[in-house]
Amino acid sequence: MISPLQSGGGYKSQKQKNNQKQKNNQLSFLYVLRFILAVSVVLWHYHFGVSLDPQAHPLLYGIRVMTIYGGNQAFLLISGMMFYLAYYRKLTTDKLSVTDFLKKRAVRIYPTVIISVLVSYLLAVIIHFSYNAAENINLIDLLKDMFFFGGRLFGGSYGIYNGPIWFLAPLGVSYLISALISVLTKKKRSVYWFLIPLAITFFAALGSNFIVPVFNVNAISSELFNFFLGFFFMIFLKKFENWSGWLKFSLRILGLVVAILFLYAFYKTNANSPLGSGEMIGSLFCWIPLITCLYGLKINFIFDNFVFKTIGGLSFHIYVWHAVVYKAWDVFFSIRQQPVYGNSLQALLIFLLLVLTVSAVSYTISELIRKFKVFEKIKEKIIKVNHPVSD
């Protein structure tokens, strides 16, 4: 027979577990948000004439418009939040070294990027030699794409063979700066050291383009700023947990209203208006209020499962692969003068299905590599071959 004390202890333990689980899924909605943002990027790049029409397809047009006004910036904002949540404390308490952190990020990013760039380069070679088109097949450019995410760090704008991977250049630099700051300042551990890169990137972007839009996508400092903004935004959200109920409710309502107003403004505004390319505006007055509104809601447990985690994981692969899939589409339809699928909703849906299929395969392979620690095993075998242990 269980005593009341034991029963109470068990109840308390179960309650602590439930509270911890609720804390863990406070940001579960980000799985869905990341997926929507990734799809919006695809619609922005390859709309097939469909998502340009707000009257005929208002939902597709609305999703597409999301990426014009801060979609990429929202990815950086979320990445900064996740760095604080998952890595900052470990880096400042010697639970994780800078080398191990960078290895973890590299293993997550590079295999997918390298394979996608190689496939895109192969398609460029096919286009160049089979269809007499002037495609760039420079090997130096190939290496830039594979290891430095295109020309962004060399004065260019986008990935050379896989355009969208330019986004990973500022992300990689943000990770590097954050890891170094965490380690160099761990004896005087304080999050306020991160105000230095936040201020530098803010004024650098402000100086490069002072007029509206305040931040231009061609300035790497704007992306870096959003990463460090996300870092401090996550600190705010952790404090937000302890606010009184009515204060949280009031701020959530305010955040929802502001987010809806700005999303509506973006929906009604074309890219040539003063709001065009306003990534900073999008991050500050749309994504931050929206995330604040959704953070910590009990309904988030709905998204804390395998299905939505997989959907969230797909977002990175959708972003990396969609331009490569379109290039393949271009090779087998447009260049071969077979306009089987023109500017239609059918074409767009088939294209999205292809992107999702390729992304799912890529995601599955990357997860298997991570689960079975493929790179660690390869490293061990190399060490054994080079340094055999004598009997």
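Structure's up top.
A. Spatial organisation of the overall build of the protein. The number of helices and strands found in the protein is 14 helices and 0 strands. Reading the helices (α) and strands (β) of the protein from amino to carboxyl end gives α-α-α-α-α-α-α-α-α-α-α-α-α-α. Taken over 391 residues, the protein has a buried fraction of 43%. For the protein, contacts bridging at least 24 residues in sequence account for 74% of all contacts bridging at least 6. Working note: accessible area of the protein is about 21,200 Å², and carbon and sulfur atoms make up 67% of it.

B. The arrangement of the packing of aromatic side chains in detail. For the structure on display, the rule yields 31 aromatic pairs. Ring geometry for phenylalanine 83 against phenylalanine 101: centres 5.6 Å apart, planes inclined by 70°, an arrangement best described as edge-to-face. You can see phenylalanine 83 sitting in helix H4 (residues 71-92) and its partner phenylalanine 101 sitting in helix H5 (residues 98-130), a full 18 residues away along the chain. Residue classification places phenylalanine 83 among the buried residues on the basis of a relative accessible area of 1%. On the basis of relative accessibility, which here comes to 0%, the residue phenylalanine 101 falls in the buried class.

C. Fine view of the packing of H4 against helix H7 (residues 168-184). Direction vectors running N to C along H4 and H7 enclose 30°, while the axes themselves pass 10 Å from each other. By the angle class used here, H4 and H7 are roughly parallel. H4 and H7 meet at a crossing whose hand is right-handed. Of the residues in H7, those touching H4 at Leu76, Ser79, Phe83, Tyr88, Leu91 and Thr92 are Leu171, Ser174, Tyr175, Ser178, Ala179, Ser182 and Val183.

D. Layout of a nonpolar patch on the surface. A contiguous nonpolar surface patch, about 380 Å² in accessible area, is contributed by Ile140, Leu143, Phe147 and Phe148. Structurally, phenylalanine 148 can be placed in helix H6 (residues 139-148).

E. Looking closely at the environment of glycine 159. Position of glycine 159 relative to the elements: it lies in the loop between H6 and H7. A residue is classified by how much of its surface remains accessible, and glycine 159, at 10% relative accessible area, is buried. For the pair formed by glycine 159 and phenylalanine 148, sequence separation is 11 residues and the distance between their alpha carbons is 9.0 Å. Excluding residues that lie within four positions of it along the chain, glycine 159 makes contacts with Asp145, Phe149, Gly150, Ile165 and Trp166.

F. Summary view of helix H13 (residues 345-371). Its 27 residues place the ends of H13 38 Å apart at the C-alpha level, agreeing with the 39 Å of an ideal helix rising 1.5 Å per residue. Listed in full, the buried residues belonging to H13 are Ala347, Leu348, Phe351, Leu352, Val355, Ser359, Ser362, Tyr363, Ser366 and Glu367. Lysine 373 sits one or two residues past H13 and shows a positive phi near 50°.

G. Spatial organisation of the nonpolar core. Of all hydrophobic cores here, the largest spans 87 residues; its most connected members are Phe83, Phe231 and Ile291. It is helix H9 (residues 220-240) that provides the largest number of residues to this core, a total of 12 residues.

H. Layout of the pattern of salt bridges. Summed over all chains, the structure comprises 3 salt bridges. For arginine 108, the salt bridge is made with glutamate 367, and the minimal N-O distance between the two is 2.9 Å. Residue arginine 108 is found in helix H5, and its partner glutamate 367 is found in helix H13; the two are separated by 259 residues along the sequence. The residue aspartate 304 makes a salt bridge to lysine 309 at a minimum N-O spacing of 3.7 Å. Aspartate 304 gets classed as partly exposed once you look at its relative accessible area, which sits at 22%.

I. Spatial organisation of a positive patch on the surface. A surface patch of like charges, here positive, comprises Arg89, Lys90, Lys95, Lys104, Arg189 and Lys373. Secondary-structure assignment places lysine 373 in the loop between H13 and helix H14 (374-386).

J. Here's a closer look at H6. For H6, every residue scored as buried is listed here: Asp141, Leu142, Asp145 and Met146. For H6, the angular spread of the buried residues around the axis is 135°, confining them to a single face. Buried-residue contacts for H6 involve H5. N-cap assignment for H6: the residue whose side-chain oxygen lies 2.7 Å from the backbone N of isoleucine 140 is asparagine 138.

K. How the structure looks around the environment of threonine 201. By the secondary structure assignment, threonine 201 is in helix H8 (residues 195-208). For threonine 201, a relative accessible area of 7% gives the class buried. With 22 residues separating them along the chain, threonine 201 and glutamate 223 place their C-alpha atoms 8.5 Å apart. Setting aside anything within four residues of it in sequence, one finds threonine 201 in contact with Ser221, Leu224, Phe225 and Phe228. Within the structure, the side chain of threonine 201 is placed 2.7 Å from the backbone oxygen of proline 197, a separation counted as a polar contact. Here the side chain of threonine 201 touches leucine 198 through a polar contact of 3.1 Å, landing on its backbone oxygen.

How each quantity is defined
Residues numbered from 1 in each chain as written. Predicted model: local features only at pLDDT ≥ 70, side-chain atom pairs only at ≥ 80, totals over all residues. Heavy atoms only, no water. Helix = DSSP H or I, 4+ residues; strand = E, 2+ residues; numbered from the N terminus. Buried < 20%, exposed > 50% of the residue type's maximum accessible area, 1.4 Å probe, protein only. Contact = heavy atoms within 4.5 Å. Areas by Shrake-Rupley, 256 points an atom, 1.4 Å probe, with all protein chains shown as cover. Phe/Tyr/Trp six-rings, centres within 6.5 Å; stacked < 30°, edge-to-face > 60°. Axes fitted to C-alpha atoms, helices over the stretch in contact; angles between N-to-C directions. Parallel < 35°, antiparallel > 145°, perpendicular 65-115°, else oblique. Left-handed = near helix turned anticlockwise from the far one by under 90°. Patch = residues over 30% accessible without salt bridge, like charges linked within 9 Å, V, L, I, M, F, W, Y side chains within 5 Å. Salt bridge = Lys/Arg side-chain N within 4 Å of Asp/Glu carboxyl O. Expected span 1.5 Å × (residues − 1). Core = buried A, V, L, I, M, F, W, Y, C linked by side-chain atoms within 4.5 Å. Lys, Arg positive; Asp, Glu negative; His and termini not counted. Charge placed at Lys NZ, Arg CZ, Asp CG, Glu CD. Arc of directions from axis to C-beta. Polar contact = N/O pair within 3.5 Å; in protein donor to acceptor, adjacent residues only side chain to side chain.

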